Amino acid sequence: MRNIGLAVIGAGYWGPNLVRNAQATPGLRLEYLCDLDADRARKVLGEYSTVKVSDSLDAVLADPDVDAVAIATPAKTHLPVAMAALAAGKHVLVEKPLAATYAEGAALVKAAEDRGLTLMLDHTYCYTPAVAHLRELVQGGGIGAVQYLDSVRINLGLVQPDVDVLWDLAPHDLSIFLSILPDGVRPLSVAAHGSDPIGAGRACVAHLTIELTGGAMAHVHVNWLSPTKIRTMVIGGSTRTVVWDDLNPSQRLSIYDRGVDRAEPGDLGADERRQAVISYRSGDMVAPALPEREALRAVMAEFHGSIAEGRAPLTDGRSGLRVLAILEAASASLAQGGTFMPVLGDELDTGTDSTSTATTEGIPA
């Protein structure tokens with residue numbers, strides 16, 4: 001297949017990273033950087049770049065040399081920008097979240113599937129070597145049955161003007177959970193608790209509790225106000241437990257053959273039944289050697305591969321829709337004082353017109 005012509009939409013915080021990695025990915029040909037602020041886009045590209053700059057989304061989408069777009073604009077613009085790209089026959093890569101609501105995300109997924117186009121989420125953490133190893137280990141039965149997942153993502157971060165800390169940070173952890181969980185294990189309901197101790201008008205500290213099929217439970221703690229930065233995840237299984245410390249490059253993953261074993265009463269003699277049926281296992285810890293590479297490069301390679309091979313990407317539109325379903329249930333729970341709320345499946349009957357494109361002349365940066 002010939003090189004795939006790509007346009008990056010948005011030259012703000014994340015757009016330059018997409019530009020840099022697109023230019024370094026074999027098979028991708030960066031054609032445009034599109035932003036309402038053309039001068040900002042030119043500064044990103046530098047004086048000697050041959051990549052074109054445009055402040056018109058319509059003009060970019062009308063160019064037959066553009067086969068695909070990578071969208072790095074605010075979440076509230078994802079629906080009109082992505083829908084316009086799909087209507088123009090372009091493949092779409094969009095940063096998280098997929099859209100501002102579940103209904104909007106479902107409309108995008110349906111539009112892409114109806115047109116046979118790739119819709120991919122830039123869930124970057126899912127492409128790190130650590131998460132790839134976790135996925136292989138968990139889905140391959142290397143830790144036994146999943147019993148719990150516990151994730152902490154806290155730091156002194158930027159308080160966002162339009163979303164709370166759940167919608168800002170939790171998509172990272174939720175996308176990882178959904179990426180590594182075995183088939184048949186899915187979220188059933190969510191309870192959310194949050195606080196706004198600084199009077200920002202939205203939750204700045206939040207905790208999610210997610211009930212999974214099979215009796216397992218997942219927990220997420222996100223926080224904009226912590227003076228220390230912590231990014232850890234613990235995945236407990238019936239035979240092993242894995243600890244991921246993303247801030248420890250020398251030992252990101254630690255696999256422990258330690259835990260609790262339970263003997264079935266029927267397997268015990270009469271005397272043994274009078275003793276505790278719980279025993280503690282203390283085995284070895286293994287820290288696998290992992291390569292260091294930029295995850296966003298793998299995102300771009302997967303985007304190219306999915307288009308060239310006509311297959312669904314690892315983080316396709318439906319994976320983004322499942323994240324939105326959890327976030328919307330969490331918001332509903334937060335509004336009702338932490339009550340468990342059911343998580344929708346990824347059905348697409350939303351009543352939203354998937355052919356709507358909205359206004360596309362120019363895009364918010």
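1. Quick look at the overall build of the chain
Here's step 1: The secondary structure content of the chain amounts to 10 helices and 15 strands.
Here's step 2: Looking at the 365 residues of the chain, the share that counts as buried comes to 49%.
Here's step 3: Intrachain contacts of the chain at a sequence separation of at least 6 include 70% that bridge at least 24 residues.
Here's step 4: Only carbon and sulfur atoms are counted for the fraction: they give 52% of the accessible area of the chain, which is about 16,300 Å².

2. So, helix α9 (residues 295–309)
Here's step 1: In this model α9 runs 21 Å from its N-terminal to its C-terminal C-alpha over 15 residues, within 8% of the 21 Å that 1.5 Å per residue would give.
Here's step 2: Taken as a whole, α9 has its buried residues at Ala-295, Leu-296, Val-299, Met-300, Glu-302, Phe-303, His-304, Gly-305, Ser-306 and Ile-307.
Here's step 3: Those residues of α9 that are buried are in contact with β1 (4–9), α1 (15–23), β2 (28–34), β4 (68–71), β5 (91–95) and β6 (119–122).
Here's step 4: Directly beyond the C-terminal end of α9, a positive phi value near 65 degrees is found at Gly-310.

3. Observations regarding the packing of aromatic side chains
Here's step 1: This structure, assessed with the given rule, holds 2 aromatic pairs.
Here's step 2: Arranged with centres 6.3 Å apart and planes meeting at 70 degrees, the rings of Tyr-125 and Trp-244 form a pair that is edge-to-face. Of the two residues, Tyr-125 sits in the loop between β6 and α6 (129–139) while Trp-244 sits in strand β12 (residues 241–245), which places them 119 residues apart along the sequence. By the burial criterion, Tyr-125 is buried, and Trp-244 matches it.

4. Here we look at the pattern of salt bridges
Here's step 1: Tallied over the entire structure, the rule returns 14 salt bridges.
Here's step 2: As a salt-bridge pair, Arg-318 and Glu-113 come within 2.8 Å of each other at their nearest N and O atoms. Of the two residues, Arg-318 sits in helix α10 (residues 317–335) while Glu-113 sits in helix α5 (residues 102–115), which places them 205 residues apart along the sequence.
Here's step 3: On the basis of relative accessibility, which here comes to 42%, the residue Glu-113 falls in the partly exposed class.
Here's step 4: Among the ionic pairs, Arg-231 bridges to Asp-246, the shortest N-O distance being 3.8 Å. Of the two residues, Arg-231 sits in strand β11 (residues 225–237) while Asp-246 sits in the loop between β12 and β13 (253–262), which places them 15 residues apart along the sequence.

5. Section: the pairing of β12
Here's step 1: Of the pairings in the sheet, the one linking β11 to β12 comprises 5 bridges and is antiparallel in character. Directly across from Gly-236, in β12, lies its bridge partner Thr-241.
Here's step 2: Adjacent in sequence and paired antiparallel, β11 and β12 are bridged by 3 residues.

Conventions and cut-offs
- Residues numbered from 1 in each chain as written.
- Predicted model: local features only at pLDDT ≥ 70, side-chain atom pairs only at ≥ 80, totals over all residues.
- Heavy atoms only, no water.
- Helix = DSSP H or I, 4+ residues; strand = E, 2+ residues; numbered from the N terminus.
- Buried < 20%, exposed > 50% of the residue type's maximum accessible area, 1.4 Å probe, protein only.
- Contact = heavy atoms within 4.5 Å.
- Areas by Shrake-Rupley, 256 points an atom, 1.4 Å probe, with all protein chains shown as cover.
- Expected span 1.5 Å × (residues − 1).
- Phe/Tyr/Trp six-rings, centres within 6.5 Å; stacked < 30°, edge-to-face > 60°.
- Salt bridge = Lys/Arg side-chain N within 4 Å of Asp/Glu carboxyl O.
- Pairing = 2+ DSSP bridges.

In short, the description is geometric, and any link to function would need to be established separately.
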